[in-house]
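Observations on the three-dimensional arrangement
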2 protein chains.
Amino acid sequence: MLNKMYTKMLGEKDIIFEIFNYSQKRAAQIGSENVYDFSLGNPSVPAPWAVSAAITRQLNTLEPLKLHGYSPSMGIVEVREKIAADLNRRYQTHYKAANLFVTAGAASALAHALRAVSNPGDEILTIAPHFPEYIPYAAGAGLKLRVVPADTETFQIPFEQLEAMLTPSTAAVLINSPNNPSGIVYSTATIKRLAEILKRKSCEYGQPIFLISDEPYRDIIFKGTDSPYIAAYYDDTITCYSFSKSVSLPGERIGYLAVNPDSRYAAQIIELCPQISRTTGHNGAASLIQRTAAEVCSLTSDLSVYETNKNLLYQALTEYGFNCVEPGGTFYMFPRSLEPDSMAFCRRAMEMDLMLVPGDNFGCPGHFRIAYCVPTERVKKALPVFRRLAESYR
Amino acid sequence: MLNKMYTKMLGEKDIIFEIFNYSQKRAAQIGSENVYDFSLGNPSVPAPWAVSAAITRQLNTLEPLKLHGYSPSMGIVEVREKIAADLNRRYQTHYKAANLFVTAGAASALAHALRAVSNPGDEILTIAPHFPEYIPYAAGAGLKLRVVPADTETFQIPFEQLEAMLTPSTAAVLINSPNNPSGIVYSTATIKRLAEILKRKSCEYGQPIFLISDEPYRDIIFKGTDSPYIAAYYDDTITCYSFSKSVSLPGERIGYLAVNPDSRYAAQIIELCPQISRTTGHNGAASLIQRTAAEVCSLTSDLSVYETNKNLLYQALTEYGFNCVEPGGTFYMFPRSLEPDSMAFCRRAMEMDLMLVPGDNFGCPGHFRIAYCVPTERVKKALPVFRRLAESYR
């Protein structure tokens, strides 16, 4: 018979899907320029030209058998060397190719990281608000995802609650900074304190609690934001990265998993990754895309529009009476909804053709996510609608 | 603690890896032209020029945001339409885009197919000799893989044994024709009889037994071989395909899963696929590669060298006293080893710098696999070594 778990997942109501469908319907009715769709985290700036140039160069210089041939299960060695060198240049780390495993985006990197450092039945802690897909990621690895409630004043880590939830069954803590959906970047003080707690608890339990750091937004940081390189503060860190946002290649499914070379488990973890691939059908990222990512790994798209949009929205929304922690990066913000039921709030917005995602989806009700990865003109045009929405609650 | 299952897999001795390492070592010592490496199933003919042309055309005509943007979780609609049209043209089928799910190669297609039609603990039957990776594929889906022993006279399906091994816990039968490692193609009579048994048993058990057909070698068929399109004979068939071999793109990780539209479960199975992706970190094949595959799906590389090589090898080996069922396709053959212990046989070949893979790896000891996806000159040069190997057993 058909699979029960996946059939159940299929039956679960997905508000993002509902919003997406409504948005499409309205676009057909009134024109897409009149729908203010802030529901999707899809980059709005094109990939750097260097991407096309790198693809063309490969087609012109590499023999097809080499270019399109099987790559090693860890990823192409030169690709891993280039990415390691770029990380070391940026963050004064000392990664080698042997610490990197090339993946089909951050989702694959997380699928491997979660499986490598746990056994079925173990617990994974994450911190609200969190990326909704952590739920199926953990389920697929046979893990219990436990969510530390949000500190809604700062969206930094609520340490007392985190510490109270750590147990000897905690295989890893999974964090996401810069954060989707809050846009908050964990400060150096936050990361230091997290590392101190994890070290102490690992010692107490006599086994490591790994830190899995999901960093697809690492390169979208706004002026003046303190943005530590997380692995530098905790040896047992696995960094999961995607080129989706930094060079606007979300469809090309390319990223990597990097194990901190200072972890005493570094060699073992990397060696487990190809074994994990054998059971999930992963078998590597596309060769052409691997080589392309390596060529452009030190670049980014022109990401400045995201900060421009954040400034416009943050200033306007604050003026309209919204309460919001100011983002330090990403292309998201996560204000409080104007009624406790953020689903109802987002439905009211939807009736004004303003597409927002309720915080319930991120384990943090009473808030909503704005994905402002859209042209600035679209943001400007939407501001009166946000004002109208706020006024409707007076 | 680190994962026990993957750590155990890592510890298992892999003869292919041993052969590969030895081959590399010998190539460094005596030159790769003096090592007769028939151990790897890596295409030896380049991708058609149309591949580069299709990539270049996309770079020149599609906006980067569209070209590299997120694709739907089922795969790009136009891509699925083109593949469906090509299948219908070739096999007089009636697939629609809605019956296709684009995957990162056949491994991903199988990972989805296995999970969709089963629940953890169910059984999957396959037929020896079989692709070794079916073992981790089944393990990853939480399934018991049971292997029907080979009919070594024909390498068609041994139906009595198959029927005896079917139980109400059998979720699916997994077949691979044209077959790796035997090169045998299941005949129309074989597929008809398989379909008859599966229909009867499904009826008896009151639930469907699915047929999962792994077909990466479908386009490598030698002259005069009867090669039925398998799904045409059994409604509850899921076809798993890869563009790795037909257009020599193994590194680009592109393939698809096609559910027979005549299955009453067709719609449900396809809908489960994106849910499965959410738990395995799949999230689709690279957009650029999806579009490229769709452009070239009606083409193949020049595959004629594989038949030339088969003819040379089959004739010579038969003359030298090897017993071999003549392949009908692929770039493999699977003769009997000249001693019952095929591991020992392959080690003796290795000492003559002839790299072969023992049948034990394919659930069929007493045989060995020759992967003749190499230049014909290499085959010719290797014939005296095969002769010497045969003579060493006289």
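Structure shown above.
Throughout, a residue's number is its position along its own chain's written sequence, starting from 1. For this description, chains carry letters from A and ligands carry numbers from 1, given in the order in which they are written. Where local features are concerned, this predicted model is filtered to residues with pLDDT of at least 70; where side-chain atom pairs are given and counted, the filter is 80 or more; whole-chain, interface and lining totals use all residues. Derived side-chain values reflect all non-hydrogen atoms in the structure, with water molecules and hydrogen atoms excluded from consideration.

1. What about the side chain of Q58 of chain B?
All names here are of chain B. Selection criterion: Helix and strand assignments follow DSSP, with helices taken as H or I runs no shorter than four residues and strands as E runs no shorter than two, numbered in order from the N terminus. Within 3.5 Å is the distance limit for a polar contact, defined as a pair of N or O atoms, with the added protein rule that one can donate a hydrogen and the other accept it, and that residues adjacent in sequence qualify only through two side-chain atoms. We call two residues in contact whenever any of their non-hydrogen atoms come within 4.5 Å of each other.
Relative to the helices and strands, Q58 is located in helix α3 (residues 49–61). Among the polar contacts listed, one links the side chain of Q58 to the side chain of T292, at a separation of 2.9 Å. The contacts of Q58, once residues within four sequence positions are left out, are L67, L288, R291 and T292.

2. Focus: the environment of R388 of chain A
Among the secondary structure elements, R388 of chain A is positioned in helix α14 (residues 376–391). Expressed as a C-alpha distance, the spacing of R388 of chain A and M352 of chain A, which sit 36 residues apart in the sequence, is 8.7 Å.

3. A word on the interface of chain A and chain B
Note the cut-off: Take the accessible area each of two parts loses on contact, using a 1.4 Å probe, and add the two losses: that sum is the buried area. What counts as a salt bridge is simple: a side-chain nitrogen of Lys or Arg found within 4 Å of a carboxyl oxygen of Asp or Glu.
At the interface, 71 residues of chain A touch 71 residues of chain B. In total, chain A and chain B occlude about 5,900 Å² of area from one another, counting both sides; carbon and sulfur atoms represent 58% of this. Per-residue buried area on chain A facing chain B is highest for M1, L2 and Y70 of chain A; these three make up 13% of the total on that side. Run the count over chain A and chain B and you get two salt bridges. The shortest N-O distance in the salt bridge between E133 of chain B and R278 of chain A comes to 2.8 Å. Taken together, chain A and chain B are joined by 32 residue pairs in polar contact (both at pLDDT 80 or more). Elements supplying a minimum of two residues to the side of chain A that touches chain B: α1 (4–11), α3 (49–61), α4 (64–67), α6 (105–116), α7 (134–140), α10 (266–280) and α11 (287–296) of chain A. Element by element, the count of residues in the side of chain A that touches chain B is highest for α10 of chain A, at nine residues.

4. Looking at the packing of aromatic side chains
For the record, the criterion: Ring geometry is summarised as follows: Phe, Tyr and Trp rings, the Trp one being its six-membered ring, pair when their centres sit within 6.5 Å, and such pairs are stacked at plane angles under 30 degrees, edge-to-face over 60 and tilted between the two. For the exposure calls, accessible area comes from a 1.4 Å probe over protein chains only, and a residue counts as buried if that area is under 20% of its type's maximum, exposed if over 50%, partly exposed in between. Counted as over-ring charges are cases with an Arg CZ or a Lys NZ within 6 Å of the ring centre that also lie within 35 degrees of the ring normal.
Inspection of the entire model under this criterion finds 42 aromatic pairs over all chains. Centroid distance F131 of chain B to Y134 of chain B: 5.8 Å. Interplanar angle 85 degrees. Geometry classified as edge-to-face. Of the residues examined, Y134 of chain B reaches a relative accessible area of 1% and is grouped as buried. Measuring from centroid to centroid gives 5.9 Å for F334 of chain B and F362 of chain B, while their planes differ by 90 degrees, and the two rings are edge-to-face. Residue F334 of chain B is found in the loop between β9 (332–333) and α13 (342–351), and its partner F362 of chain B is found in the loop between β11 (357–358) and β12 (368–371); the two are separated by 28 residues along the sequence. With respect to burial, F334 of chain B and F362 of chain B carry one shared label: buried. An aromatic cluster is defined as three or more aromatic residues linked by ring pairs; in this entry it consists of F38, F322, F345, F368, F386 and Y393 of chain A. One cation-aromatic arrangement involves R348 of chain A over Y393 of chain A; the distance from NZ or CZ to the ring centre is 3.9 Å.

5. Re the relation of the copies chain A and chain B
Going by this rule: What sets the superposition is a least-squares fit of C-alpha atoms, and only residues with pLDDT of at least 70 in both copies go into it.
After a rotation of 180 degrees and a shift along the axis of 0.0 Å, chain A superposes on chain B with an RMSD of 0.0 Å. In symmetry terms, the pair is related by a two-fold rotation axis. Taking the C-alpha atom as reference, chain A places T280 of chain A closest to the rotation axis, 2.9 Å from it. By residue overlap, the copies meet face to face through one surface: 100% of the interface positions of chain A are interface positions in chain B.

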